[in-house]
Structures are given as structure tokens and as C-alpha cells.
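What follows is the residue order along each chain.
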Amino acid sequence: MSRPTARDRLADLGFVIFAAVFSLVTAEEALAGRELSEQALFYDSLVGGLACAALFLRRSLPVPLAVVLLLAGMFSHFVTGPALVAVFTVAATQPLRVTRWVAAVAVAPLPVFLIRRPDAPLPVFTSGVVYFALVTAAFGWGLYVRSRRVLITELRDRAERAEAEAQRTARESIAREMHDVLAHRLSLLSVHAGALEYNAGASPDEVRRAAGVIRDSAHRAVEDLREIIGVLRAPAGADGGERPQPTLADLPRLAAESRETGASVGLDLAVTDAGEVPAPTGRTAYRIVQEGLTNARKHAPGSRVGVRVGGTPGTGLEVEVRNALAGVGRERAIPGTGHGLVGLAERVRLAGGRLEHGTQGTEFRLYAWLPWEPPRTPSTPGAPS
């Protein structure tokens, strides 16, 4: 159990003052009709003072304190205020099962009081009924405070879970973007570096040309990385990044980069106007082709890669990448993370499409379908809607 804070101590002091003031203010009316000697009144007041002081134990011993004060409150009016605070504490902090048992202890004497004192003077009878009504009200107030506290805790937990989910989603998004961009660039670097490694007799011009391609690819990797980080850091709704994100119109450039490494890449872009494809759909298609070319360089170096992209508005956009299962080059296979297709499947799912991949005969096939909604036609004024 955590130690009470200064705020808790201040609240305890407030409840003690409330209990004492309540007992004193209502004493004259509650004791009307009862003949008490000065000694009895002194001891009654002393018990009430001890009960008020005992309220400082309400956090550590809520249930025993409530039971003792409820029993004492049946015989001493000055214990009524502390008893109300005690039962409120039980209802506000304890489980409902415990609260029900304490409530039963509080209400159990009521039938006995009504049966054994049918001819009691009206002030005495009224005082007893009011006592039980106040105890019931204290329970109700405590249950309300408890339910409100539980609701606030649940809302806070939901907010924390939502924040954690948002952070996890952001991390996954960063991981996908980093993989898609860097895996492509670094695989190009690996191919060019491998060519230098195996071509020991290359002329200085060939070495210089290959080194220039490696340097250019490294610079592009840094620029792509800076672009992705800029987009991820940009506020929601803002145009992040210094350069535009790739679209379907950038596929010829992507294929040309792969051909510069000596790969044989055939691109069939069967879309009349790539600019008509929505930017998110085109970007997803670009990433699919990029991942397909990267995987071909990693797992089947030297094999021919066929890329086909086609579709129409309303029917969707189809993307297919095919390559032979075994490469014909001497390069060592580029290691992979094993998460490329997993991240790609998640990207396609978020775009509302579907992804298929697997072997067909002697080829590996990567296929995706993406939704492509037709553009909305502006309604003519006066035309029926």
C-alpha cells in the first residue's frame, strides 16, 4: 500500500473536521427528549472525539473502523459523524462485496429499532430514522465516487493503450518505410561492390565508373532516408518531406536503376495515364515493384525480372513481378531481413488490396491487387441527385 501523500492527509483532516462539526451542530436536536446527566454527556462527547481521531485510520483499516463506529453510533450520537465518513470510505474504496457486508451491518439494527421502540417520543424516533437515512446516503455517495474513480481509471487506461498502439503503429510504419527504401538502395550498392570484387582485372576507368555508381547510390540512399524521416516527423495534415513521394510514374526510373546494375528488367506499364492513379495507390504499387526487384537481386541475382502493371478505374490496379528461382550470376546472395513481404502485405492490406506471392513452376511470382476508385463526376446544377 502506498504511503499517504500530503493531499491525502489534508483530506483526512477535512473529514475529521466535518465529522466533529456535524456531530456538534446536530447534537441539540438529536439529543432532544433524552435525559442525560452531565457525566454521561461528557463520556458521550469523549467517545465522539475519539471516533473523530480514529478517522485518521480510515485508509489503513477502513472496514474494521466502519463496523466499530456503526455499532457505537447506535448508542452515542457524537459517533454519527465519524460513522458517516467511515461508511463513505468503505463504499468509495472497497470492493462491492465488502461494501455489501458493511451495509448489511449498518442497516441490520433498523428493524430492531422500529420494533422495540414503537412508543418512543417523536424526536427520538425521528432521530433514529434520520440516522439510518444518513448512513444510506453516505453509502450512496461513496458508491458514486467509486464508480467515477473507476470510470476515470478506465478512460486513462484506454488513452494509454491508444497511445501505445499509436506508437506501435508509428514504429511499424517507420520499419516498413526504412526497409522499402534502404533495402532497395543497399542491394544496388551490394551488386556494384560485388562486381568490383569479382572483376579483379577491371581497368581504372571501369573501377572509377563503378565507384561513381556506388557513391551515387549511397547519396540517394541518404536522401531517401532523409525524405522518409521528414515525412514521418511532419505534423498530421502537413506536406512532409523535401521531395514528393514516389508514384506510379516513377516506375520507369526504378527499372532503369536496376538495369544499371546489369539486371534484365522488363517493364510493362499498361496504364494510359499514370497520373490518373491516386497518389496513395501509385505509391503502394511503386513499393511493391521495388520490393520485387530487391528480392530478385537478393535471392536470384542475374535472373530476368518481368514487371507488369495495369488496370482501369473501377476494376482496380494489378501489379505483378516475376523472376526465375535461381540466378545465373556468380554474386553471393545478399542477406535479407525476412520482413520485406510481411511489411508489404501489411501495406497492401492497409490500402484495401490483397497480396499473393509464391512459386509457379520455375518462377517466383509476386502479385497484388489495389483498389482504384473512378474519379467523381461533378454534378450538373439542376440535375436530379
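**Let's talk about the overall build of the protein chain**
When helices and strands are tallied, the protein chain shows 12 helices and 5 strands. Across the 385 residues of the protein chain, 34% fall into the buried class. Residue pairs at least 24 apart in sequence account for 72% of intrachain contacts in the protein chain once pairs closer than 6 positions are excluded. In the structure as shown, the protein chain presents an accessible area of about 22,700 Å², 61% of it carried by carbon and sulfur atoms.

**Regarding the environment of Thr261**
Checked against the element boundaries, Thr261 lands in the loop between α10 (251-260) and β1 (265-270). Taking the C-alpha atoms as reference points, Thr261 and Gly302, 41 residues apart in sequence, are found 9.6 Å from one another.

**Overview of α10**
Buried within α10 are the following residues: Leu251, Leu254, Ala255, Glu257 and Ser258. End-on, the buried residues of α10 take up no more than an arc of 155°, which puts them together on one face. Residue Gly262 follows α10 closely and has a positive phi angle near 95°.

**A word on the side chain of Gln94**
Position of Gln94 relative to the elements: it lies in the loop between α5 (80-93) and α6 (96-107). Judged by relative accessible area, which is 19%, Gln94 ranks as buried. The residues touching Gln94, leaving out its near neighbours within four places in the chain, are Pro62, Val63, Thr89, Thr99 and Arg146.

**Details of the packing of aromatic side chains**
With the rule as written, the count across this model stands at 4 aromatic pairs. In this structure an aromatic cluster arises from ring pairing among Phe15, Phe88 and Trp141.

**Here's the deal with the sheet that holds strand β5 (residues 363-370)**
Hydrogen bonds between backbone atoms are what pair the strands of a sheet, whose relative direction is either parallel or antiparallel. Strand order across the open sheet formed by 5 strands is β1-β2-β3-β5-β4, with mixed pairing between neighbours. Only two strands of the sheet have a single partner each, and these edge strands are β1 and β4 (354-360). Strand-to-strand twist across the sheet, computed as the mean angle between neighbouring axes with direction ignored, equals 10°. With 7 bridges connecting them, β4 and β5 associate as antiparallel partners. Counterpart to Leu355 in the pairing with β5 is Ala368. Docked against the sheet, helix α11 (residues 279-299) engages β1, β2 (305-312), β3 (316-324) and β5, running at close to 5° with respect to β3. Against the sheet, helix α12 (residues 340-350) engages β4 and β5, with an angle of about 145° to β4.

**Considering the nonpolar core**
With 29 residues, the main nonpolar core has Leu55, Leu69, Leu70, Val102, Val135 and Phe139 as its most contacted residues. Broken down by secondary-structure element, the contributors of at least two residues to this core are α1 (6-25), α3 (38-54), α4 (62-73), α5, α6 and α8 (122-198). Dropping the residues within four chain positions of it, Leu55 is found in contact with Phe15, Val16, Ala19, Leu65, Leu69, Pro82, Val85 and Ala86. In terms of nonpolar packing, the next biggest core, distinct from the first, is built from 27 residues, Val305, Val309, Leu317 and Leu355 among them.

**Observations regarding the packing of α4 against α5**
The N-to-C vectors of α4 and α5 enclose an angle of 145°; their axes lie 9 Å apart at closest approach. Once α4 is placed against α5, the crossing between them reads as left-handed. Seen from α4, the contacting residues are Pro62, Val63, Ala66, Leu69 and Leu70; seen from α5, they are Pro82, Ala83, Ala86, Val87, Thr89 and Val90. Here the contact of α4 with α5 is composed, by residue class, of 10 nonpolar, 1 polar and no charged.

**Topic: the confidence of the model for the protein chain**
Scored by pLDDT, the protein chain has a mean of 78; 76% of the residues are at 70 or more. In the predicted structure, residues 327-333 sits below a pLDDT of 50 and forms 13 contacts with residues beyond four places in sequence or in another chain.

**Considering the pattern of salt bridges**
The full count for this structure, using the stated rule, is 10 salt bridges. Between Glu320 and Arg365 there is a salt bridge, with the nearest N and O atoms lying 2.6 Å from each other. Of this pair, Glu320 sits in strand β3 while Arg365 sits in strand β5, and the two are 45 residues apart along the sequence. Residue classification places Glu320 among the buried positions, given a relative accessible area of 11%. For the salt bridge of Glu356 with Arg365, the shortest nitrogen-to-oxygen distance reads 3.6 Å. Using a relative accessible area of 16% as the deciding quantity, one classes Arg365 as buried. Overlapping salt bridges bring together Arg308, Glu318, Glu320, Arg322, Glu356, Glu363 and Arg365 as one network.

Procedures and definitions
Residues numbered from 1 in each chain as written. Predicted model: local features only at pLDDT ≥ 70, side-chain atom pairs only at ≥ 80, totals over all residues. Heavy atoms only, no water. Helix = DSSP H or I, 4+ residues; strand = E, 2+ residues; numbered from the N terminus. Buried < 20%, exposed > 50% of the residue type's maximum accessible area, 1.4 Å probe, protein only. Contact = heavy atoms within 4.5 Å. Areas by Shrake-Rupley, 256 points an atom, 1.4 Å probe, with all protein chains shown as cover. Arc of directions from axis to C-beta. Phe/Tyr/Trp six-rings, centres within 6.5 Å; stacked < 30°, edge-to-face > 60°. Pairing = 2+ DSSP bridges. Axes fitted to C-alpha atoms, helices over the stretch in contact; angles between N-to-C directions. Core = buried A, V, L, I, M, F, W, Y, C linked by side-chain atoms within 4.5 Å. Left-handed = near helix turned anticlockwise from the far one by under 90°. Nonpolar A, V, L, I, M, F, W, Y, C, P; charged D, E, K, R; others polar. pLDDT = per-residue confidence, 0-100. Salt bridge = Lys/Arg side-chain N within 4 Å of Asp/Glu carboxyl O.

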